[in-house]
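Reading the structure
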Amino acid sequence: MRKIGADIFVDALVKEGVEYIFGIPGAVIIPLFDKLLDSPVKLVLTRHEQGAGHAADGYARASGKVGVCIATSGPGATNLVTAIATANFDSVPIVAITGQVRTPLIGNDAFQEADMTGITRTITKHNFLVKDVCDLPRVLKEAFHIARTGRPGPVLVDLPMDVSLGQCDLDYPDTVNLPGYKPNYKGNDRQIKLAAEAINASKRPVLYVGGGVIISESAPEVFELATKASIPVTTTLLGLGAFPETHPLALKMLGMHGTAYANYAVTESDLVIAVGARFDDRVTGRLDAFAPEAKVIHIDIDPTSISKNIRVDIPVVGDAKGSLQALLPLVRQATHPEWLEKIDNWKKQHPLVYKPCGLKPQYVVEQIYEATKGEAVITTEVGQNQMWAAQWFKYSRPRQFISSGGLGTMGFGLPAAIGAQFARPDAVVFDIAGDGSIQMNIQELATAVKYKLPVNIAILNNGFLGMVRQWQELFYRKRYSGTILGDANPDFVKVAEAYGADGIRVTTRDEVRPAIERAIASPRPVILDFAVESEENVFPMVPAGEAINKMMGGMA
Amino acid sequence: MTKIGADIFIDALVKEGVEYLFGIPGGVVIPLFDRLYESPIKLILTRHEQGAGHAADGYARASGRVGTCLVTSGPGATNLVTAIATANFDSVPMVAFTGQVKTPLIGNDAFQEADITGITRTITKHNYLVKDVCDLPRVIKEAFHIARTGRPGPVLVDLPVDVSLAQCSLEYPDEVCLPGYKPNYKGNERQIRLAADAINASSRPILYVGGGVIISESAPEVFALATKANIPVTTTLLGLGAFPETHPLSLKMLGMHGTAYANYAVTDSDLIIAVGARFDDRVTGRIDAFAPGAKIIHIDIDPTSISKNIRVDIPVVGDAKGILQALVSMVEPAAHTEWLEKTARWKREHPLCYKPGGLKPQYVIEQIDEATKGQAIITTEVGQNQMWAAQWFKYTRPRHFISSGGLGTMGFGFPAAIGAQFARPDAVVFDIAGDGSIQMNIQELATAVKYKLPVNIAILNNGFLGMVRQWQELFYKKRYSGTVLGDSNPDFVKLAEAYGADGIRVTTPEEVRPALEKAIASPRPVVLDFAVEPEENVFPMVPAGEAINKMMGGMA
Amino acid sequence: MRHVISVTVENKPGVLAHISSLFAARGYSIDSLAVGETEDPATSRMTIVTHGDDQIIEQITKQLRKLISTLKVQDLGETEFIERDLVIVKVNAATGKRGEIIEIAQIFRGNIIDVGQKDLVVELSGQENKIQAFIDLLRPYGIKELARTGSIAMARGAK
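Residues numbered from 1 in each chain as written. Chains lettered and ligands numbered in written order. Predicted model: local features only at pLDDT ≥ 70, side-chain atom pairs only at ≥ 80, totals over all residues.

The next point concerns the interface of chain C and chain B. How big an interface is tends to be reported as the loss of accessible area on association of its parts. With five residues of chain C in contact, the opposing surface of chain B contributes four residues. Here the residues of the side of chain C that touches chain B are counted per class, giving two nonpolar, two polar and one charged. (Contact = placed C-beta atoms within 7 Å. Nonpolar A, V, L, I, M, F, W, Y, C, P; charged D, E, K, R; others polar.)

Below, the structure written as structure tokens:
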């Protein structure tokens, strides 16, 4: 049956099981929006395309499904760039549809034209410009396939208006044929055997677990490996929730703002078992001082991650789940009493701490943990709020912590919370924000109100761009250049009310818990404005370029 | 004397006469911000990097000087993309500085890394990644030179943190040496002669004037040419103000939402004298029906603009000012009585009009014109608000109408108004906005409040993404998919108050003028929320792909 | 260390841009790049000459493989391979010097492909070092113009 491009597009979304599409219309995508009106795919209208992109991302991270967003040509498309780059860095499966001017006008500087495939070349997993409507079914099929397989990532499909209106009678294909794309799923048996031998021979092993474990749904396998061989587990920021932090083997997060005990354990270990992690500079600190005595096993689906930053002794390229399943029977039970005792001592001697006086941001995060019994889905902005959210909430499940790790995008948390709430309508969702970050996509309050989403926004309001201020305090003699916000911040409670959301101001410790309870009970979006200590720092902290066991501050 | 990169950067800005630097700090630009602390350059801290970029753009358009902005790596840089693309399309001189991760980490997917030179390759006039601090003086010199000369445009300089901290003793150069960059300033004399002959021979000439006239400061020459030979003048959107719209020879704007008389005159003319305009698709409509009986003279500094969309008979490549000066002296005075009578009749028979009754957006703009005696600087968002602002205010001077023409960026107007107010502290500045557009950079209310800027925001609030809604009404049977905002718009008056600005709601025509007077008198930023007729349309309108004399609506 | 990398890609618009952006974004250098169709018109072969330490070369080949449109990536340094570069040189050839230049060209098995009043155009193919030696020998006569293709290469023996 002959269909126009816009119908092919909507049919493809339905076939791919897309529930929600986040976006904003514009001239060249009116045909697509028109067809969406009668389709089962629910359009979520945001107030800035960046919000649409991050919401699709949050939806994908919370659900494990592909997030989909749509924007018009030109500024609509360029407004997606930060969101696409954010998803790319953190391996989030997204399909971004951008409108494009009519094909005869492409390259002519037509109204609202931007070369999106060029602009996003290095920040997408792949991208397509569709010039013939009969390519559209194949391209959309490939886009979803590429986005969700292998190391997932964003795929952009640029769709000129005349293609949306052009006719073709090809059906949506059942299979893809991509000769150049063969993600490797199965780890090499020999390498897995070598890894098992190294684990069995190790006296001081550490599991270093990243976002890849969550993406590949292999948290149960990590749990089994850790408990079978008594291996302590530390996670990256994106790995939070891959291993229950309430478990005695948990070392919580490592790296620049990780726990002292995780950093000590890695430094003294004789074997680092990295799974779905990429030895990012914020994790390793000074490279030549990172785990100096350890052999390194690296299990990752992306061969380019291996031996990129650090020499790897036993690489295993493949899907983490399958590789771990193959590894488990080869690993012997072990108890490592001496090693675990050493770690316990570090935990006792160097716990995460803060001085309990005044209204502390750490306390707020702890109370969110307690009030939600550790069940909340937490999204974060970037900066101090992100690190406190990582340190002071105990994550016990995958997809519970949603944060921009690699690109470090301020303004991510609120739209991501909106996406997460669509993915998990019954969950309590908290965006842990700073007063700087929250302003970057504050317009999405209207979206939360429009769709009656009970998202909660906890602003740790210190009146500064706090993380930069902290660096200025520690390394630039408190010369606070460009970091003072408090002189002109809005009244966030009134902002919430202006949007038709609830606003609650909290200025003392005692008010924290009741305010959180009220927010959880409210069926509306809620802004909690916590007037926290303005110059509180995130500790411990490994200064940039230092070894990770050389931490400053924050230790008892 | 040996200096670090950050000092070289500050010294360069001072030497280039930079007054204001718009931006937001982040990890890798802390050294630059630190040096700003005691420099004469005023840092304007915005709340989203997109706001910083558009503010630098608005400053440049209002002042004719180079606008500058400074942001951090990764998301800071990608957040600038839309602003850079906006400036690029409209030939706005801008230098954007972005921080970058340390050079050894580049390409390694380090924290907050983005390949911003790759991303912006097609949306900048030129860009640089500085890898050696001793290149920095030369690069900054070249960046400013390229941004402001020839056809101006944005230049991006990507500055790794180790370069900002490294030392070099090179001085800021006095000259640039760019063998591949030679903007052609002087028009070819023979071509100018041919142009003069054509003008002298023409009986129905028309001047079609674009933003290039404003950029090259050649409005006086256009005026001299028009009045000497009695040539009616029509302008593009970006050309508004290049010729006084109060003058009898003025035909106001042409194109998709231009006046009927401008479009008729162009269609009927025997000679088009295009100056600093590029025959954009929104101006020409159906190309083969555009000015079918006319010879075309095209004066432009950019050779690629010539004969790109339309065949040109007499191209003159060079700076408009010099060429027009030469041309004025060769052109003979002429009366064109018959032709002017004809255009005068079209003006009488087909004026711009709207049906009075209720609170009309057109009326609001007429009142802004009257209340400010035509002296206001108008910035706009994009959509219906932009077109009404173009149609209903009479522009008489260059740099009084500031709008995103080529990229058509919603969210441009408000930060651009902030930039314009810095450039022209004594001017009355109005951002004419829609309720959709204003939400896209609403966070910059905090910036306006912080710097005590008396900018006025006139929201023509119709509860829709109005222009898309208009298309849906006219061409898609009123199927309003994704364009309904009114169900969840914020209360803009309360929102203004939450930010510490003034808010005024206007619901009847009688309240319009007093509200405007109040806003103009206020020393604070003011949000005027005009509850206009929700389904008012912009007319006349040339449907996409039609000839420009085939207009619908809006004619008496 | 110099490496010659052979990349077989789908013959589609945008693929060259993808590969050159990858090199630019990650700071890898391209010493030369030659592109052309293969025996199969649906694919192109790119021969990229680059340099870097082992870790960089490993990353380059892995990153290239990761691109969706690349079919095969081969670091030819790991095998026996054949490599050719083509140069055409327009060199000053005053009457007295013509013989010398033709002689040099013959020694290198080059061809004279154009003869002007005051110059000769010589074409030569071979490995990079041979081409370089040839250019160095011609330099004293005065090279007026020079164009090179950059290396093209393939592995020896069975495919």
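The subject of this paragraph is the interface of chain B and chain A. Listed by partner, the interface residues are 70 residues for chain B and 72 residues for chain A. With five residues, the single largest contributor to the side of chain B that touches chain A is helix α5 (residues 81-89) of chain B. In terms of residue class, the side of chain B that touches chain A is made up of 32 nonpolar, 23 polar and 15 charged. (Helix = DSSP H or I, 4+ residues; strand = E, 2+ residues; numbered from the N terminus.)

A separate point is the pairing of strand β19 (residues 502-506) of chain A. Where β19(A) lies against strand β20 (residues 526-531) of chain A, five bridges are found, and the strand directions are parallel. Looking across to β20(A), one finds that Arg505(A) is bridged to Asp529(A). (Pairing = 2+ DSSP bridges.)

In this structure, Val222(A) and Val222(B) are the most contacted members of the largest nonpolar core, which totals 421 residues. What Val222(A) contacts, discounting residues up to four positions off in sequence, is Leu207(A), Val209(A), Val213(A), Val233(A), Ala242(A), Phe243(A), Val275(A) and Leu324(A). (Core = buried A, V, L, I, M, F, W, Y, C linked by C-beta atoms within 7 Å. Buried ≥ 20, exposed ≤ 12 C-beta atoms within 10 Å, placed from the backbone.)

Moving on to the sheet that holds strand β12 (residues 271-275) of chain A. Residues and elements named next belong to chain A. Overall, parallel pairing links the six strands, which are arranged β11-β10-β9-β12-β13-β14 in an open sheet. Two strands bound the open sheet, and with one partner strand each, they are β11 (250-253) and β14 (314-317). Going across the sheet, the axis of each strand differs from the next one's by a mean of 15°, ignoring polarity. Two elements, strand β9 (residues 205-209) and strand β10 (residues 233-235), share three bridges in a ladder whose sense is parallel. Residue pairing for β10: Tyr 208 is matched across the bridge by Thr 234. Here helix α12 (residues 260-268) sits on the sheet in contact with β9, β10, β11 and β12, set at roughly 110° to β11. (Axes fitted to C-alpha atoms, helices over the stretch in contact; angles between N-to-C directions.)

The subject of this paragraph is the sheet that holds strand β18 (residues 456-461) of chain A. Residue and element names in this part refer to chain A. Ordered in space as β16-β15-β17-β18-β20-β19, the six strands form an open sheet in which the pairing is parallel. For this open sheet the edge positions go to β16 (401-402) and β19, each flanked by a neighbour on one side alone. Bridge count between strand β15 (residues 377-380) and strand β17 (residues 429-434): four bridges; the pairing is parallel. Counted as the bridge partner of Thr 379 is Asp 431 from β17. The strands touched by helix α17 (residues 384-392) within the sheet are β15, β17 and β18, with β17 carrying the most contacts at an inclination of about 135°. Set on the sheet, helix α23 (residues 509-521) makes contact with β18, β19 and β20; between it and β19 the angle comes to about 170°.

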